[in-house]
Amino acid sequence: MHHGSNYGTGPQERVHQQAARTGIISEKCPYETYTTQIPDCCAAAAAVAAQDPYPRPPSSYDGRCFDDCHRRTPYQEDSYSQRPQSRLGYEDQSRVGFTADSRCTSRLGYDETRGGYLDQSDPRMYCTGGYCMGDTMMATRGVCGEDVELDMQRHIQACACTCNHMGYGNYMDYQTTCLTELPDVAPCNGTVRLPPTCEESPSSGSSKERRDESPRRKCRVLAPILLLVAALLLGGLCLPLLLQSSPVTHQQRLDVIRRILTEVPLIDGHNDLPWNVRKFVHNQLGEVNLSSDLGRVDPWARSDWSHTDIPRLRAGLVGAQFWSAYVPCGAAQLNAVQLSLEQIDVIRRLAEMNAQHLTLVTSVKGLIETHREGKIASLIGVEGGHSLGNSLGVLRTFYGLGARYLTLTHACDTSWAVCSLGETNSTETSAPGLSEFGKAVVRELNRLGMLVDLSHVSTRTMRAALQTTRAPVIFSHSAARALCNSSRNVPDDVLRNLAKNGGVAMIPFYTYFITCNSTATIKDVIAHINHVRNVAGIDHVGIGAGFDGINYTPTGLEDVSRYPQLFATLLEDPLWTEEDIKKLAGLNLLRVFAKVEQIRDEWQRAAVLPVEKISPPENSACAYRAS
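Residues numbered from 1 in each chain as written. Predicted model: local features only at pLDDT ≥ 70, side-chain atom pairs only at ≥ 80, totals over all residues. Heavy atoms only, no water.

K.L.:
Can you break down the overall build of the chain residue by residue, with the values?
P.N.:
Across its full length, the chain carries 21 helices and eleven strands. Among the 627 residues that make up the chain, the fraction classed as buried is 50%. For the chain, the computed accessible surface area is about 29500 Å², with 52% contributed by carbon and sulfur atoms. (Helix = DSSP H or I, 4+ residues; strand = E, 2+ residues; numbered from the N terminus. Buried < 20%, exposed > 50% of the residue type's maximum accessible area, 1.4 Å probe, protein only. Areas by Shrake-Rupley, 256 points an atom, 1.4 Å probe, with all protein chains shown as cover.)

Below, the structure written as structure tokens:
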């Protein structure tokens with residue numbers, strides 16, 4: 001943060017401003033205010049006092065100084081009105097006033113000849129300041145009671161010496177500000193006089209108190225008491241405020257979530273809306289108004305597979321969405337590449353046609369900037385390695401068009417990677433998770449700066465990819481296998497390796513991945529989130545609902561408007577803090593994405609060349625074998 005010019009002025013400026021308002025600043029130095037000349041016999045002592053703020057009496061003390069000072073003509077009462085005011089100022093009485101309970105005790109004069117402190121009754125005390133004793137004695141002649149105290153007070157405020165003034169103290173006794181607060185400033189030829197620290201600052205009070213109690217001891221005794229009183233007062237004031245600000249009701253927790261999601265983008269890892277656009281209107285975007293409530297528009301309203309439109313995205317406080325460029329496995333070795341390109345085109349045009357709400361982004365920087373602008377960052381993920389047509393050139397083309405993750409498989413094997421269904425049809429036991437070409441795909445994803453997505457792949461493929469990659473990976477929409485024994489979910493040993501890799505598992509909302517049946521609740525989803533947190537850590541869990549690609553959703557999480565309900569329910573658990581919610585919502589994915597970009601940049605600086613490996617040709621009637 002930068003401190004701007006609108007910040008308040010410093011302590012010295014405040015003192016000057018206050019003095020200017022009250023008119024108490026003299027053009028002269030604050031302690032050169034008396035017009036009467038100092039007797040010659042005290043000139044030497046005055047010079048000593050000017051050089052030392054705590055002057056010591058010279059060892060060759062001349063007693064005549066006291067006598068000469070004592071014979072000075074006293075000030076008359078009416079002479080005060082013509083006298084220039086001191087730095088502290090006075091009218092009928094001192095602005096500060098004379099009190100007996102000042103915080104800092106006064107130090108007595110020091111006797112060099114005997115190495116001890118002088119008693120106040122010793123006449124040498126009164127001549128160390130040069131002319132102060134004469135002023136002190138003359139101020140007492142002909143007056144008594146309150147007049148004596150008032151005159152003495154006025155004199156002491158204008159006297160620069162540190163003598164005790166017959167038990168009334170010195171000018172330092174009338175300071176109410178210690179060095180730990182505001183400096184004591186006066187315009188005196190460009191110099192500034194600061195008050196002493198609290199331990200050394202003198203104070204008024206009876207002479208017996210000053211003799212019997214040292215200043216350090218009083219400060220040490222008072223400081224803990226004052227701190228204790230301040231702590232009790234502060235606690236009494238702040239505790240009700242803290243209790244009042246804690247989110248108690250669900251609505252209060254929702255308010256906290258709304259604030260959090262304005263600070264951190266909610267990033268969902270997977271949404272299949274682009275395929276529904278193809279399925280329902282054949283990619284004719286003129287026939288779909290994404291800014292309307294599609295839940296009221298056919299054919300979307302009649303489908304159990306539709307959960308997304310811009311009004312509901314806004315209600316769900318979504319900050320960034322990975323849109324899936326999905327192609328069914330039936331297109332493998334046929335026109336899968338063409339269909340994938342068309343789906344990427346749909347995603348890009350959806351963002352362009354709804355530019356008021358959506359912005360296509362391809363980087364962490366773009367994502368963050370779009371969120372700050374109040375728009376939804378739209379990212380592209382290619383779902384299924386069969387979309388590559390076994391070509392790294394196609395992969396690089398997808399990246400150039402804006403794709404930022406590749407799911408290595410969908411629900412079908414490729415020639416270079418085994419899908420999750422392979423664990424149920426014995427493919428897993430007879431084939432490696434990744435072939436050499438499959439490992440080349442992972443390395444090329446690292447070089448490009450594209451996320452490796454391990455959802456849909458087999459356990460052996462998960463492990464092989466984690467051993468091959470040099471960048472963090474993601475599961476864009478996979479739950480915990482320990483809670484739902486589906487081959488689509490992630491086993492605990494892989495979750496632990498995921499934590500070592502630095503990646504993130506993004507929890508889906510499909511009931512068959514949550515409870516392994518057609519019904520689930522928001523609490524069931526939270527159970528998977530907490531399991532991944534317990535096994536892999538809070539830094540390795542995210543959200544990948546899979547909306548528009550599922551037909552069974554948990555109660556309480558029916559569409560994209562319901563994310564705040566999930567986070568607010570999590571806040572009911574004391575285990576979950578606001579910082580934890582921020583990580584789950586988006587910070588974890590941002591960290592992974594940023595690390596992937598960092599490795600890309602490092603490899604570029606190292607001049608790592610694109611991977612040129614070629615996959616064996618497919619045995620397909622649709623393949624041109626001559627190349």
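K.L.:
Talk me through the state of the cysteines; I want residue IDs and the actual numbers.
P.N.:
One pass over the structure, following the stated rule, counts two disulfides. In this model C329 forms its disulfide with C412; the gap between the sulfur atoms is 2.1 Å. Torsion about the S-S bond of the C329 and C412 cystine: about -85 degrees, corresponding to left-handed handedness. Linking C329 in the loop between β4 (318–326) and α11 (336–353) with C412 in the loop between β7 (403–407) and α14 (427–430), this pair joins segments that are 83 residues apart in sequence. Put simply, C484 and C516 are joined by a disulfide, and their sulfur atoms are 1.9 Å apart. When the S-S torsion is 110 degrees, as for the bridge of C484 with C516, the disulfide is right-handed. Remark: C516 occurs in the loop between α18 (511–514) and α19 (522–536) and C484 occurs in the loop between β9 (473–475) and α17 (492–501); sequence separation between them is 32 residues. Exposure remark for C516: the relative accessible area of 36% places this residue in the partly exposed category. (Disulfide = S-S within 2.5 Å.)

K.L.:
Go over the side chain of N390, please, and point to the residues and values.
P.N.:
Mapping N390 onto the fold places it in the loop between β6 (376–383) and α13 (392–400). For N390, a relative accessible area of 14% gives the class buried. Here W416 takes part through its side chain, which lies 3.1 Å from a polar atom of the side chain of N390. (Polar contact = N/O pair within 3.5 Å; in protein donor to acceptor, adjacent residues only side chain to side chain.)

K.L.:
Before we move on, could you go through the pattern of salt bridges and cite the residues and values that matter?
P.N.:
This model, assessed by the stated rule, comprises 21 salt bridges. Measuring nitrogen to oxygen at the nearest pair gives 3.4 Å for the salt bridge that ties D298 to R302. Residue classification places R302 among the exposed residues on the basis of a relative accessible area of 61%. Salt bridges sharing common partners tie together R259, E263, E578, E579 and K582. (Salt bridge = Lys/Arg side-chain N within 4 Å of Asp/Glu carboxyl O.)

K.L.:
Pulling in residues and values, what's your account of the environment of L261?
P.N.:
Relative to the elements of secondary structure, L261 occurs in helix α8 (residues 250–263). By relative accessible area, L261 is classed as buried at 4%. Residues L261 and V318, 57 residues apart in the sequence, show an inter-C-alpha distance of 8.1 Å. Excluding residues within four positions of it along the chain, L261 makes contact with L266, L317, H371, F567 and A585. (Contact = heavy atoms within 4.5 Å.)

K.L.:
Go over α13 with me, naming the residues and quoting the values.
P.N.:
Buried within α13 we find L392, V394, L395, F398 and Y399. Each buried residue of α13 sits inside an arc of 155 degrees when the element is viewed along its axis, so together they form one side. If you follow the buried residues of α13, they end up packed against α11, β6, β7, α15 (436–448) and α21 (578–605). Sitting at the head of α13, S391 places a side-chain oxygen 3.2 Å from the backbone nitrogen of G393. Following α13 by one or two positions, G402 adopts a phi angle in the positive range, close to 115 degrees. (Arc of directions from axis to C-beta.)

K.L.:
Kindly report on unusual backbone geometry, identifying the contributing residues and their values.
P.N.:
A cis amide bond links D298 with the next residue in sequence, P299, at an omega value of 5 degrees. Note on placement: P299 falls in the loop between α9 (273–281) and α10 (310–315). One non-glycine residue, C516, lies in the positive phi region at around 65 degrees. Its identity as a non-glycine residue notwithstanding, D548 has a phi of 70 degrees, on the positive side. Among the secondary structure elements, D548 is positioned in the loop between β11 (541–543) and α20 (563–570).

K.L.:
I'd like to hear about the confidence of the model for the chain, residue by residue, with values.
P.N.:
Taken as a whole, the chain shows an average pLDDT of 76; of its residues, 61% reach a score of 70 or greater. This stretch, residues 176–213, has a pLDDT under 50; its non-local contacts, to residues over four places away or in other chains, come to 98 contacts. Considering only residues more than four positions removed or in separate chains, one finds that residues 240–244, a stretch of pLDDT under 50, has one contact. (pLDDT = per-residue confidence, 0-100.)

K.L.:
Any chance you could break down the packing of α8 against α21 for me, citing the residues and the numbers?
P.N.:
In contact at an axis separation of 10 Å, α8 and α21 are set at 55 degrees when each is read in the N-to-C sense. Of the possible angle classes, the one that applies to α8 and α21 is oblique. Along this stretch, α8 crosses α21, giving a crossing that reads as right-handed. Residues V256, I257, R259, I260, L261 and E263 of α8 form the contact with α21, whose participating residues are E578, I581, K582 and A585. (Axes fitted to C-alpha atoms, helices over the stretch in contact; angles between N-to-C directions. Parallel < 35°, antiparallel > 145°, perpendicular 65-115°, else oblique. Left-handed = near helix turned anticlockwise from the far one by under 90°.)

K.L.:
Help me get a handle on the pairing of β6, residues and values and all.
P.N.:
Of all eight residues in β6, eight are buried; the element is thus mostly enclosed. Every second residue of β6 is oriented toward a common face, with I376, S378, I380 and V382 on one face and A377, L379, G381 and E383 on the other, all of them buried. Relative to β6, β4 is paired through seven bridges, and the arrangement is parallel. Along β6, the bridge assignment pairs A320 with A377. Relative to β6, strand β5 (residues 358–360) is paired through three bridges, and the arrangement is parallel. Looking at β6, one finds that L358 is bridged to I376. Handedness of the crossover joining β5 and β6 through helix α12 (residues 364–372) is recorded here as right-handed. Where β6 meets β7, four bridges bridge the pair, whose relative direction is parallel. For E383, the partnering residue across the bridge sits in β7 and is T407. (Pairing = 2+ DSSP bridges. Right-handed = clockwise from strand over helix to strand, strands pointing away.)

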